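The chain contents come next:
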Amino acid sequence: MPSILVVDDSNTTRLALKTVLTQAGYTVEEAKDGEEAIQKVMTLPKFNAIITDLNMPKIDGIGFIKEVRVFPEYRFTPILMLTTEGVLAKKEEGKRAGATGWIVKPFTPDQLLAVLKKVQI
Ligand SMILES: [Mg+2]
């Protein structure tokens, strides 16, 4: 099954994502900030997709996306960012950093799975 790296400093959001994704059959790995996520990208088998929050301590979502895109094997990996409604500037910044798309918080399980389907994961 496809593996997904979930990056968010909120335990609640990570748990919500993990619950939905695991039930849908995905394998989920978690990281609590961009720094931990980079460690996992460097040391674990390649993930099929990444879902990342934007506002996080240490390395934030934008910084994390930029760093991930440097790895050749992650050049085309779908990276979805979690955004709150109405932060268009952040969406643009995320796109420029290399994000594939976004998921608006709060999300329903169906909305989350629909976004993954859209990026063919
Ligand atoms: Mg956050």
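Everything that follows concerns the structure shown earlier in this document.
Residues numbered from 1 in each chain as written. Predicted model: local features only at pLDDT ≥ 70, side-chain atom pairs only at ≥ 80, totals over all residues.

Student: Got a sec to walk through the packing of helix α2 (residues 34–43) against helix α3 (residues 61–70)? Specific residues and values, please.
Tutor: Across the interface, α2 lies against α3 with an axial gap of 9 Å and an inter-helix angle of 20 degrees. With respect to each other, α2 and α3 are oriented roughly parallel. At the point where α2 passes α3, the crossing takes the right-handed sense. Between α2 and α3, the residues in contact are Gly-34, Ala-37, Ile-38 and Val-41 and Gly-61, Gly-63, Phe-64, Glu-67 and Val-68, respectively. In terms of residue class, the contact of α2 with α3 is built from five nonpolar, three polar and one charged. (Axes fitted to C-alpha atoms, helices over the stretch in contact; angles between N-to-C directions. Helix = DSSP H or I, 4+ residues; strand = E, 2+ residues; numbered from the N terminus. Parallel < 35°, antiparallel > 145°, perpendicular 65-115°, else oblique. Left-handed = near helix turned anticlockwise from the far one by under 90°. Contact = placed C-beta atoms within 7 Å. Nonpolar A, V, L, I, M, F, W, Y, C, P; charged D, E, K, R; others polar.)

Student: Can you break down the nonpolar core residue by residue, with the values?
Tutor: Counting 29 residues, the largest nonpolar core has Ile-4, Leu-5, Val-7, Ala-49, Ile-50, Ile-51 and Leu-80 as the members making the most contacts within it. Counting residues per element, the ones that place at least two in this core are β1 (3–7), α1 (11–23), α2, β3 (49–53), α3, β4 (79–84) and α5 (109–118). (Core = buried A, V, L, I, M, F, W, Y, C linked by C-beta atoms within 7 Å. Buried ≥ 20, exposed ≤ 12 C-beta atoms within 10 Å, placed from the backbone.)

Student: Break down the sheet that holds strand β5 (residues 101–105) for me, citing the residues and quoting the values.
Tutor: Spatially, five strands are ordered β2-β1-β3-β4-β5 in an open sheet, and the strand pairing comes out parallel. A strand with exactly one partner marks an edge of an open sheet, and here the two such strands are β2 (27–31) and β5. Averaged over all pairs of adjacent strands, the angle between their axes in this sheet comes to 25 degrees, without regard to strand direction. (Pairing = 2+ DSSP bridges.)

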